[in-house]
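# Chains, contacts and geometry: an overview
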Number of protein chains: 2
Amino acid sequence: MAFEYLSNMPLEEALRGYLQRLEDCGRAPVVELVTVGQALGRVTAEPLYAALSAPHYHACAMDGIALAASKTFGATATTPVVVSPDDYVVVDTGDPLPEGCDAVVMIEDVVYAAEGDERRLGSCPVTLYASIAPWGNVRQIGEDICAGEMLLTSNTVVGPAAMGAMLAAGVQEVPVIARPKVGIIPTGDEVVAPSANPRPGDVMEFNSTIFSGMVRQWGAQPVVYPIVKDEPDLVCTALQRAVDECDIVLLNAGSSAGRDDYSAQAVGKVGEVFCHGIAIKPGKPAILGNAGPVAIVGVPGYPVSGIIVVESIVKPIIEQLMGCAMQQGETLEATLARPCTSSLKYEEFVRVRLGMVQGRAVATPLSRGAGVVTSFVKADGILNVPQNSEGYEAGQSVRVNLLRPRAEIENSLVVIGSHDP
Amino acid sequence: MAFEYLSNMPLEEALRGYLQRLEDCGRAPVVELVTVGQALGRVTAEPLYAALSAPHYHACAMDGIALAASKTFGATATTPVVVSPDDYVVVDTGDPLPEGCDAVVMIEDVVYAAEGDERRLGSCPVTLYASIAPWGNVRQIGEDICAGEMLLTSNTVVGPAAMGAMLAAGVQEVPVIARPKVGIIPTGDEVVAPSANPRPGDVMEFNSTIFSGMVRQWGAQPVVYPIVKDEPDLVCTALQRAVDECDIVLLNAGSSAGRDDYSAQAVGKVGEVFCHGIAIKPGKPAILGNAGPVAIVGVPGYPVSGIIVVESIVKPIIEQLMGCAMQQGETLEATLARPCTSSLKYEEFVRVRLGMVQGRAVATPLSRGAGVVTSFVKADGILNVPQNSEGYEAGQSVRVNLLRPRAEIENSLVVIGSHDP
């Protein structure tokens, strides 16, 4: 196979065009009904309206006695009022307000007007030293929710309180956006399932585990397919199957232009290639393609490149499908501890460690090897160096996208220097 | 039953003493082994070490030819070197470095020194116009991970990249802290399962759904028990069963001092009451108790009170059990749109809406009714008014704990005023 040069499309341009193409191909969120109990963290597909008011009846808001408020009018510390047992009803919090009553007096404010055996709430008269206004200590119908009221707008992430509000409003099922299915196809003759005893040349397949974790965190559902050998027909067959079953397909490795890299050909056969080669580093050889509304992304084989491509390309596709933006990470202003040079050709994603030195955040660039997956484990943040920039000098102030909570970083010690492993 | 006054212990004091008591009773995290694929979001129970180096063999880092670097020494644009097919091996990225080779020349830098049919990589000589240093384009053993190296410290939340690093290092299983089991017991004669057609007086039981969602978000595992009638024996039996099966038990409702509130008695029978009544509003009648190392929390019945108690008391217990602090929410400085008065007796948690007016965040207090669960759905943040404070004036600057991402709030319109539902 002849060596083919890849394109070098800027990330933002590639992504905008690609998302537009997917939309033009009729890509749209799928809606499914789930019970309220299953709705935690899901995204509403439609506005949701209350079927019932809450409370759905006039409810006593206190333990005590219910009565007509007018029976208490004029009661004060010096002019107490005695209420006969026929004129009040003993109630607990949550009880329906009894017929003929419009207020509840708290049990703490009720004084028994009888002694000995007679002294029994419900059958003895009681003395009140204060009046109560109509509807005092009553939760009226609809105090919390009015039937017909909009409870949640569409494209809202359902939290615990919203689940409670739905049940209170008589809603038992919620239309939510289906979790996009993300098919992940590992390829490569040398690729084997992870093991504790690999032979030399065995490349252990852990990218699918990383990508599964990432898309799961964004609310999508990963589907990992078996490892496919580097044979064009086998790759095409596997790709066609995944396209039939999923919303997004990641074809992992074989996205470069080497001897056995059939991915771009396979994407072109099963669908169309929109762009092969993006101006990012790591991650340049990514392939963006589609088969109708199904996105096909050729993800480079090196784990760090793969993570960057999945984060930069696949996350926005999932957001488009879910109809809502994921929470953006925080950023932090930091001083570079070492120079960080970068090629003009690419937008570069540099993993950095962060820590506080004299009240100021300091960023130290980590190993930039595309195979160094631990750089992502050790990293506290990502420094984006734009295309057409040569990078930054030591001591320069830069803005870092955080991978960890800011509080954790503010408690970090900085230790840099040489080491002898 | 006689009316019993509750204590009014400040939250911080109650919590500190309570967590200490649980620790003194032998409460400790439980460890379990899970596969790496199941470890997403779990917390490591021990430091984790690499079983293998990664790469676990000297690996070609490029598609091209492998050779002894010394064969290329002296090659320049004007003094090219010809390498015979016996002295190089065609390799792909990831191949083990062949015997006798110590460097890889990229395929793009290889020029065939033959024509026509002879021109076949692997069998024809090649011309090189640059030398390569030993170990050039080779990923040496341990470039990413050295066997024996610490991959993850204990009490670390496992993310996608860490899962990849573990597999690369030959680690297949991870000791993680078991998800604490949180038993939730709904009680009350009037309490029924949520329905679309409740009768007057039916109090729909949705608190267990709210609390389940909350503890699930914190990494614990909810176990919801059937609704128990307000009978002391039944409550004790249910509580004993949950104590036997769970790490934390929430006894919902019946935590006040009304007619049918048997919770404190039941906690005292099955275990011990540490404190009944905390100086918070809403949430005052909470009960903190324990049966040995099992925490028993009596949670008030009104949903808003319940949410505050679960957030203030149960979350720290889960953090203690998981050995790591949850991510703290962000805070935001805002101007109060309306006065917010508060009792001196309690630390008060006021739900507020937030939005931007002329570049400045404005906080509007929402309904403070303890039954108004929608106040939590509508709220963007919580304003804590400390004990011994009378509250804040309109226009005063306050710090709000955010319930939503800051970016969402910065895009919010503020509309306040009267309404006519």
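Residues numbered from 1 in each chain as written. Chains lettered and ligands numbered in written order. Predicted model: local features only at pLDDT ≥ 70, side-chain atom pairs only at ≥ 80, totals over all residues. Heavy atoms only, no water.

In terms of regular secondary structure, chain A is built from eight helices and 28 strands. For 421 residues, the compact-globule estimate of 2.2 N^0.38 gives 22 Å, and chain A exceeds it by more than 25% at 32 Å. Along the first, second and third principal axes, the C-alpha atoms of chain A reach 105 × 55 × 45 Å. Taken across its 421 residues, chain A has 52% of its residues classed as buried. Within chain A, contacts between residues separated by at least 24 positions form 76% of all contacts whose residues are at least 6 apart in sequence. (Helix = DSSP H or I, 4+ residues; strand = E, 2+ residues; numbered from the N terminus. Rg over C-alpha atoms; globule rule 2.2 N^0.38 Å. Buried < 20%, exposed > 50% of the residue type's maximum accessible area, 1.4 Å probe, protein only. Contact = heavy atoms within 4.5 Å.)

This part is about the relation of the copies chain B and chain A. The transformation that overlays chain B on chain A combines an axial shift of 0.1 Å with a rotation of 180°, and the residual RMSD is 0.1 Å. Here the symmetry operator amounts to a two-fold rotation axis. By C-alpha distance to the rotation axis, the residue of chain B lying nearest is Glu330(B), at 5.1 Å. A symmetric contact is evident, with 100% of the interface residues of chain B recurring at the interface of chain A. (Least-squares fit on C-alpha atoms with pLDDT ≥ 70 in both.)

What follows covers the environment of Gly268(A). Residues and elements named next belong to chain A. Tracing the backbone through its elements, the reader meets Gly268 in helix H5 (residues 263-270). Residue Gly268 is classed as partly exposed on the basis of its relative accessible area of 40%. A sequence separation of 22 residues divides Gly268 from Asn290, and the C-alpha atoms of the two residues are 8.8 Å apart.

The next point concerns the interface of chain B and chain A. Note: interface size is frequently given as the accessible area lost on complex formation between the parts. Residue-level contacts link 67 residues of chain B with 67 residues of chain A. Here chain B and chain A share an interface that buries about 5200 Å² over both sides, 65% of which is from carbon and sulfur atoms. Across the chain B-chain A interface, the total number found is two salt bridges. In this structure, Glu149(B) engages Lys378(A) in a salt bridge whose closest nitrogen and oxygen atoms are separated by 3.9 Å. (Buried area = accessible area lost by both parts, 1.4 Å probe. Salt bridge = Lys/Arg side-chain N within 4 Å of Asp/Glu carboxyl O.)

Turning next to the packing of helix H4 (residues 232-245) of chain B against helix H5 (residues 263-270) of chain B. Residues and elements named next belong to chain B. The geometry of H4 relative to H5 is characterised by a closest axis approach of 9 Å and an angle of 50° between their N-to-C directions. By the criterion of interaxial angle, the relationship of H4 to H5 is oblique. Of the two elements, H4 crosses H5, and the hand of that crossing is right-handed. Here H4 contributes Val235, Cys236, Leu239, Gln240 and Val243 to the contact with H5, which in turn contributes Ala266, Val267, Lys269 and Val270. Tallied by class, residues from the contact of H4 with H5 come to seven nonpolar, one polar and one charged. (Axes fitted to C-alpha atoms, helices over the stretch in contact; angles between N-to-C directions. Parallel < 35°, antiparallel > 145°, perpendicular 65-115°, else oblique. Left-handed = near helix turned anticlockwise from the far one by under 90°. Nonpolar A, V, L, I, M, F, W, Y, C, P; charged D, E, K, R; others polar.)

Attention now goes to the confidence of the model for chain A. Any segment with low pLDDT has predicted coordinates that should not be analysed in fine detail. Of the residues in chain A, 96% have a pLDDT of 70 or more, and the chain-wide mean is 91. Averaged pLDDT values over the elements of chain A bottom out at 80 in helix H8 (residues 406-410) of chain A and peak at 98 in strand S16 (residues 221-224) of chain A. (pLDDT = per-residue confidence, 0-100.)

A turn of α-helix holds 3.6 residues, and therefore any two residues three or four places apart point the same way. Residues and elements named next belong to chain B. In this model helix H1 (residues 11-24) runs 20 Å from its N-terminal to its C-terminal C-alpha over 14 residues, within 8% of the 20 Å that 1.5 Å per residue would give. Every buried residue of H1 is accounted for by Leu11, Ala14, Leu15, Tyr18, Leu19 and Leu22. Along the axis of H1, the buried residues cluster in a sector spanning 120°; they form a single face. Along H1, the residues that are exposed and aim more than 90 degrees away from the buried face are Glu12, Arg16 and Asp24. Of the surrounding secondary structure, the elements contacted by the buried residues of H1 are strand S18 (272-276), strand S19 (280-281), strand S20 (287-291), strand S21 (294-299), helix H6 (303-322) and strand S24 (347-357). At the exit of H1 stands Gly26, carrying a positive phi of roughly 90°. (Expected span 1.5 Å × (residues − 1). Arc of directions from axis to C-beta.)

Okay, the sheet that holds strand S5 (residues 81-83) of chain A next. Pairing in this open sheet of three strands is antiparallel, and the strands run S5-S9-S8 (chain A) from one edge to the other. The sheet terminates laterally at S5 and strand S8 (111-112) of chain A, the two strands that pair on one side only. (Pairing = 2+ DSSP bridges.)

Residue and element names in this part refer to chain B. Inspection of every chain in the model, using the stated rule, returns two aromatic pairs over all chains. A centroid spacing of 5.9 Å and a plane angle of 25° characterise the contact between Tyr18 and Phe274, whose relative ring orientation is stacked. Separated by 256 residues along the polypeptide, Tyr18 in helix H1 and Phe274 in strand S18 bring together distant segments of the chain. By relative accessible area, Phe274 is classed as partly exposed at 24%. (Phe/Tyr/Trp six-rings, centres within 6.5 Å; stacked < 30°, edge-to-face > 60°.)

Relative to the elements of secondary structure, Thr364(B) occurs in strand S25 (residues 360-365). Once residues within four sequence positions are removed from consideration, Thr364(B) is found in contact with Ala337(B), Arg338(B), Arg351(B), Val352(B), Arg353(B) and Ile416(B).

Among the nonpolar cores identified, the biggest contains 68 residues, and Leu250(B), Val297(B) and Ile313(B) are the most heavily contacted of them. Sort the elements by how many residues they give to this core and H6(B) lands first, with 11 residues. Val297(B) has contacts with Tyr18(B), Val249(B), Leu250(B), Leu251(B), Ile287(B), Leu288(B), Val309(B), Ile313(B), Val314(B) and Ile317(B), leaving out every residue within four places of it along the chain. Of all hydrophobic cores here, the second largest spans 67 residues; its members include Val215(A), Ile318(A), Ala162(B) and Ala165(B). (Core = buried A, V, L, I, M, F, W, Y, C linked by side-chain atoms within 4.5 Å.)

The next point concerns the pairing of strand S26 (residues 381-385) of chain B. Residue and element names in this part refer to chain B. Counting buried residues in S26 gives four out of five residues, a clear majority hidden from the surface. Two strands pair when backbone bridges link them, and S24 and S26 are joined in this way by five bridges, in the antiparallel orientation. Along S26, the bridge assignment pairs Glu348 with Val385. Bridge count between S26 and strand S28 (residues 397-402): two bridges; the pairing is antiparallel. Looking at the pairing, Ile382 lines up with Asn401 of S28.

Here the focus is unusual backbone geometry. The omega torsion across Ala54(A) and Pro55(A) is -10°, close enough to zero to call that bond cis. Locating Pro55(A) in the fold gives a position in the loop between strand S2 (48-49) and strand S3 (59-60). The linkage connecting Lys281(B) with the following residue, Pro282(B), adopts the cis geometry, with an omega of -5°. Inspection of the secondary structure puts Pro282(B) in the loop between S19 and S20. Unusually for a residue other than glycine, Trp135(A) sits at a positive phi of about 70°. In this fold, Trp135(A) is placed in the loop between strand S9 (126-128) and strand S10 (138-139). Exposure remark for Trp135(A): the relative accessible area of 36% places this residue in the partly exposed category.

This brings us to the sheet that holds S16(A). All names here are of chain A. Strand order in this open sheet of six strands is S16-S13-S17-S21-S20-S18, and the pairing throughout is mixed. Strands with a single pairing partner mark the edges of an open sheet, and in this sheet they are S16 and strand S18 (272-276). Across the sheet, the mean angle separating the axes of adjacent strands is 20° when strand polarity is ignored. Where strand S13 (residues 181-186) meets S16, four bridges bridge the pair, whose relative direction is parallel.

This part covers the state of the cysteines. Taken as a whole, this structure holds zero disulfides over all chains when the rule is applied. Free cysteine: Cys146(B), not disulfide-bonded; nearest cysteine sulfur from Cys60(B) at 20 Å. (Disulfide = S-S within 2.5 Å.)

Turning next to the packing of helix H2 (residues 160-168) of chain A against helix H3 (residues 207-217) of chain B. The interhelical angle for the contact between H2(A) and H3(B), taken along N-to-C directions, is 165°, at an axis separation of 8 Å. With respect to each other, H2(A) and H3(B) are oriented roughly antiparallel. Relative to H3(B), the crossing made by H2(A) is right-handed. Across from Pro160(A), Ala161(A), Met163(A), Gly164(A) and Leu167(A) in H2(A), the residues of H3(B) making contact are Thr209(B), Ile210(B), Gly213(B), Met214(B) and Gln217(B).

All names here are of chain B. Note on placement: Ser375 falls in helix H7 (residues 374-378). What makes Ser375 buried here is its relative accessible area of 3%. Here the side chain of Ser375 touches Arg351 through a polar contact of 3.1 Å, side chain to side chain. Beyond its immediate chain neighbours, meaning those up to four positions away, Ser375 contacts Val304, Arg351, Leu366 and Ser367. (Polar contact = N/O pair within 3.5 Å; in protein donor to acceptor, adjacent residues only side chain to side chain.)

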